[in-house]
Amino acid sequence: MSRSPSFSLRSEFAASEVDEISLKQWVVAFCIIRFDLEQGQLIEECYPPGCLTQNEELEVSFNSFPDSVSQHHNRSSIHDCIFFFRIRRHRIPQVSSMSSSSEIVEVDNNNNNNNNNNKKLTGTDGQKGKNPITYNSRFLYGFVFNRQRHDERLKRGGEQKSVVILSHCPYTSVFRPLLQIMGPLYFDIGSKALNYIAAYVSKWPTPVPGQQVELPIGNASLKVNLPPSHSLPSDSGIFEDSASSLAPLLPSNLSIPQGLFHDSDLFGTFRGLLMQLWKLWELLLVGEPILIIAPTPPQCCEAVSGLVSLVAPLLFSVDFRPYFTIHDPEFAKLNSLQEGASFPPMILGVTNLFFLKALRRMPHIISVGNPTNRFAIGSKGLGGGGIPGQQEGQQLSLRKFSPANFLNAVKMRRDGPLCLMTEHKEAVWTNYGAVTKPDTSILNRLIDAGMSPRVEESMSVVNNDILRRHFLELTTNFLAPFGPYFRANTPSEASSPFADPPPLPTFNAEEFLISLSARGPGKFLLKRMRSNWLDLYRKFLRGYNFLPWFRRKRAVAEQEQYKLWRQARVKTDIQQLIGRLSELEIVDSFNAIQRHLLGELQYGRANEDTEAVCMKLKKDLQAVFNVLPKDMQQLLIMKPESASLLEGSNECSDLPQSNNLTDIVVSATSLR
């Protein structure tokens with residue numbers, strides 16, 4: 001969405017105040033950063049002020065400009081581009097645990113035989129209501145509108161300035177179109193644009209993950225789909241409390257995002273590397289370190305976001321940097337790795353060719369993009385300007401074997417990634433042997449629409465849907481064998497809903513692999529994977545993505561199970577239940593109802609129906625108390641908590657009451 005001449009700001013917002021608390025739900029800060037020839041990058045304005053540390057200001061400044069050692073330069077008068085980066089925050093927030101309360105046995109990373117090296121992981125109870133949405137994160141996303149103006153009359157022949165939106169949320173579908181409005185607006189009217197945009201954003205509704213929202217901005221409106229909460233990074237403090245994401249079912253409506261960066265141009269970015277997508281999918285699945293090099297920041301951002309979106313609906317827990325520079329503090333750590341040391345799991349998008357030498361031991365390197373489409377802003381993708389991975393006259397990369405292709409491949413493998421120092425080529429350098437075979441039926445469905453930009457863009461949308469649906473189906477089927485470990489239990493007719501629900505099945509990696517080897521992964525995967533498919537599961541269990549995803553799914557399953565049992569308690573006819581219980585079981589039921597009632601009073605504030613549930617439990621508690629012998633009643637109400645709850649239930653209960661309850665309470669008090 002580009003800012004058209006018809007765009008205008010409403011007059012009532014000219015002097016509107018900004019609700020900074022509401023603003024923080026979407027945006028941390030708006031920044032204007034200028035590249036000064038004497039002092040380097042300078043933050044001219046930051047609104048609201050004081051929200052960044054000094055180190056964060058430096059990192060934001062360095063990441064807000066195209067790298068000075070990028071591969072090509074164009075001397076046209078004005079160049080605009082949009083890209084985004086991700087940096088680590090220096091103030092680490094306290095985040096609620098995403099862990100499951102059930103026992104999990106993790107595969108030891110250093111030992112294939114983990115019979116004696118199992119790590120038992122426990123966490124907090126997931127039955128204490130819905131986690132509140134927080135806006136803290138260990139990472140900060142910066143969305144940049146950069147303008148480079150070349151003028152021979154200026155010192156060094158030009159100037160450049162960036163408009164930056166900083167947020168804890170990786171909402172490219174929101175901030176890209178917002179920048180396409182805000183960037184030109186700032187260069188039209190100056191710093192007033194920050195206050196105008198901040199006023200509009202502060203009036204936006206609270207973001208609800210997984211929902212479609214309409215966000216008014218001037219006389220326009222952004223209609224966007226937010227990514228689901230199960231795809232958001234674990235440090236965000238947000239996760240779903242619904243069972244909708246537990247079942248391994250393929251959604252019918254693909255316009256609803258199933259993961260991060262659903263709007264990335266997967267087809268356009270990897271058009272020249274389509275046969276490699278299945279290998280890249282595996283690398284992402286198991287959490288391998290990947291270096292992506294592209295001619296421009298928009299193209300490398302689009303490549304990184306496209307890869308992250310490839311493994312939806314899996315929670316992607318590997319650190320990813322859509323635009324990474326040598327000024328990032330992480331670079332010093334990576335550059336100082338000792339010979340033979342393995343790289344940490346991360347995806348780096350870079351434009352500086354220096355990284356080819358500095359990180360030459362990176363095990364997987366991908367080059368994408370076209371140097372000629374360097375600065376244009378299109379309607380699709382963060383960098384747009386046509387298809388980032390398409391070069392002039394390029395057709396779909398579905399190469400069949402030929403002597404020329406074979407020789408070119410041998411030459412490129414021999415030269416390695418350093419061949420990019422002389423000429424940019426799209427290629428993948430890796431020694432990884434993929435288990436999954438490229439699906440030629442999917443590739444044959446892709447449409448090659450020729451060179452018409454308008455037709456190319458519409459066909460790219462169709463091709464993206466084809467690819468995204470396939471990899472969504474591939475990932476969903478790959479994760480399906482874990483489904484039984486997330487299956488919530490419901491109370492049977494013969495059991496009491498006031499009892500504690502049974503724990504979810506304990507997960508043991510070796511037992512899971514043995515069981516999976518015996519029954520197979522399913523027809524869908526067997527048709528698309530080689531005979532060593534079990535190795536992929538083994539790598540996934542040891543990878544960086546498995547445990548955070550598994551823990552979050554367990555937490556959701558426990559919440560869902562808690563809801564099911566809570567609903568069963570509300571619907572239970574207590575008189576019928578009492579009629580089939582022994583005296584000992586009735587006493588146990590009294591204690592259980594009391595425990596659930598106290599839990600509702602203490603933790604139930606997040607539930608809208610807490611008051612009604614408490615009323616029902618109080619009545620049930622009184623009903624159970626009434627059928628007990630007098631001596632047992634006296635023993636029970638000697639506990640202050642029991643006496644208090646029973647006294648409170650007298651006013652609200654319409655069940656038969658004990659005439660001597662007050663006397664019993666007094667008698668029990670006098671005994672003490």
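Residues numbered from 1 in each chain as written. Predicted model: local features only at pLDDT ≥ 70, side-chain atom pairs only at ≥ 80, totals over all residues. Heavy atoms only, no water.

*Asks:* What am I meant to see in the overall build of the protein chain here?
*Replies:* Counting secondary structure elements, the protein chain contains 22 helices and 15 strands. Within the protein chain, the fraction of its 672 residues that count as buried is 53%. Long-range pairs, those at least 24 residues apart, make up 77% of the contacts in the protein chain between residues at least 6 apart in sequence. Surface summary for the protein chain: the accessible area is close to 30,400 Å², and the carbon and sulfur share equals 50%. (Helix = DSSP H or I, 4+ residues; strand = E, 2+ residues; numbered from the N terminus. Buried < 20%, exposed > 50% of the residue type's maximum accessible area, 1.4 Å probe, protein only. Contact = heavy atoms within 4.5 Å. Areas by Shrake-Rupley, 256 points an atom, 1.4 Å probe, with all protein chains shown as cover.)

*Asks:* Is there a simple way to explain helix H4 (residues 192-202) in this structure?
*Replies:* Turn by turn, an α-helix covers 3.6 residues, leaving residues three or four places apart pointing in a common direction. Buried residues dominate H4, accounting for nine of its 11 residues. Restricting attention to buried positions, one finds in H4 the residues Ala193, Leu194, Tyr196, Ile197, Ala198, Ala199, Tyr200, Val201 and Ser202. Contact partners of the buried residues in H4: helix H1 (20-23), strand E1 (29-36), strand E2 (40-47), helix H3 (172-189) and strand E8 (212-217).

*Asks:* Explain the sheet that holds strand E13 (residues 365-367) here, please?
*Replies:* Two pairing modes exist for strands in a sheet, parallel and antiparallel, and in both the strands are linked by backbone hydrogen bonds. The strand order across the open sheet formed by five strands is E11-E12-E10-E13-E14, and the pairing between neighbours is mixed. Strands at the two margins of the open sheet, each flanked by one partner only, are strand E11 (319-321) and strand E14 (427-429). Put simply, the sheet's adjacent strands are angled 10° from each other on average, direction ignored. In this sheet, E13 lies alongside strand E10 (residues 290-293) in parallel orientation, the contact comprising three bridges. Across the sheet, isoleucine 293 pairs through a bridge with serine 367, a residue of E13. This element, helix H7 (residues 297-309), spans E10, E11, strand E12 (346-350) and E13 of the sheet and lies at about 160° to E12. (Pairing = 2+ DSSP bridges. Axes fitted to C-alpha atoms, helices over the stretch in contact; angles between N-to-C directions.)

*Asks:* I keep staring at the sheet that holds E2 and nothing clicks. Help me out?
*Replies:* Read from one edge to the other, the open sheet built from five strands follows the order E2-E1-E7-E6-E3, with strand pairing classed as antiparallel. If you trace the sheet from one side to the other, it starts and ends with E2 and strand E3 (78-88), each paired once. When strand polarity is set aside, the average angle formed by the axes of neighbouring strands in this sheet is 20°. Relative to strand E6 (residues 139-150), E3 runs antiparallel, the two being bridged by 11 bridges. Opposite aspartate 80, over in E6, you have arginine 147 as the bridge partner. Across the sheet, H3 is in contact with E1, E2, E3, E6 and strand E7 (158-167); its angle to E7 comes to roughly 140°.

*Asks:* What is the right way to look at the pairing of E7 in this model?
*Replies:* If a strand is regular, its side chains alternate between the two faces of the sheet. Counted residue by residue, E7 has nine buried out of 10 residues, so it is predominantly covered. One ladder, built from six bridges, connects E1 with E7; its direction is antiparallel. Bridge pairing in E7 places phenylalanine 30 opposite isoleucine 165. Of the pairings in the sheet, the one linking E6 to E7 comprises 10 bridges and is antiparallel in character. What sits directly across from histidine 150, in E7, is glycine 158.

*Asks:* Is there a simple way to think about the side chain of arginine 86 in this case?
*Replies:* Relative to the assigned elements, arginine 86 resides in strand E3. A polar contact of 3.1 Å, which involves the side chain of arginine 86, links it to the side chain of tyrosine 141. A distance of 2.7 Å separates polar atoms of two side chains, one belonging to arginine 86 and the other to aspartate 319. Excluding residues within four positions of it along the chain, arginine 86 makes contact with Phe139, Leu140, Tyr141, Pro233, Asp319, Phe320, Arg321 and Pro322. (Polar contact = N/O pair within 3.5 Å; in protein donor to acceptor, adjacent residues only side chain to side chain.)

*Asks:* Help me understand the side chain of asparagine 63, please; the structure alone is not making it clear to me.
*Replies:* The topology assignment puts asparagine 63 in helix H2 (residues 54-63). According to the relative accessible area criterion, asparagine 63 is buried, its value standing at 1%. Engagement of the side chain of asparagine 63 in a polar contact is seen with the backbone oxygen of glutamate 59, the distance being 2.7 Å. Those residues in contact with asparagine 63 that lie beyond four places of it in its chain are Phe83, Phe85, Ile87, Val144, Tyr323 and Thr325.

*Asks:* Is there a simple way to think about the pairing of E8 in this case?
*Replies:* Of the two faces of E8, only the one carrying Val213, Leu215 and Ile217 is buried; Gln212, Glu214 and Pro216 on the other face are not. In this structure, E8 lies alongside strand E9 (residues 220-225), joined through six bridges in antiparallel fashion. The partner of glutamine 212 across the bridge, within E9, is asparagine 225.

*Asks:* Before we go on, may I ask you to explain the packing of helix H16 (residues 546-571) against helix H19 (residues 610-626) in this structure?
*Replies:* Two quantities define a packed helix pair, namely the angle between the helix axes and the distance between the axes. Interhelical geometry of H16 versus H19 gives an angle of 55° and a closest axis separation of 9 Å. Classified by the interaxial angle, the pair formed by H16 and H19 is oblique. As for how H16 packs across H19, the hand of that crossing is left-handed. Residues Arg566, Arg569 and Val570 of H16 form the contact with H19, whose participating residues are Thr610, Val613, Lys616 and Asp620. Taken together, the residues that form the contact of H16 with H19 break down as two nonpolar, one polar and four charged. (Parallel < 35°, antiparallel > 145°, perpendicular 65-115°, else oblique. Left-handed = near helix turned anticlockwise from the far one by under 90°. Nonpolar A, V, L, I, M, F, W, Y, C, P; charged D, E, K, R; others polar.)

*Asks:* I tried to follow the nonpolar core on my own but got confused; where do I start?
*Replies:* A general feature of soluble globular proteins is that nonpolar side chains tend to end up buried together. In terms of nonpolar packing, the biggest core is built from 126 residues, with Trp26, Phe30, Leu166, Trp281, Phe478, Phe482 and Trp549 touching the most fellow members. In contact with phenylalanine 482, other than residues within four places in its own chain, are Phe507, Phe512, Tyr537, Phe540, Leu541, Phe546, Trp549 and Phe550. Of all hydrophobic cores here, the second largest spans 23 residues; its members include Ile578, Ile586, Ile637 and Leu645. (Core = buried A, V, L, I, M, F, W, Y, C linked by side-chain atoms within 4.5 Å.)

*Asks:* Quick question: what am I supposed to make of helix H13 (residues 509-519) here?
*Replies:* The set of residues buried in H13 consists of Ala509, Phe512, Leu513 and Leu516. In an axial view of H13, the angular spread of the buried residues amounts to 95°, which keeps them on one side of the axis. Looking at H13, the residues exposed on the side facing more than 90 degrees away from the buried face are Glu511, Ile514 and Ala518. Near the N-terminus of H13, the side chain that reaches the backbone nitrogen of glutamate 510, with its oxygen 3.1 Å away, is that of asparagine 508. Immediately beyond the C-terminal end of H13, within one or two residues, lies glycine 520, with a positive phi of roughly 85°. (Arc of directions from axis to C-beta.)

Geometric descriptors of this kind do not, in isolation, establish any biological role.
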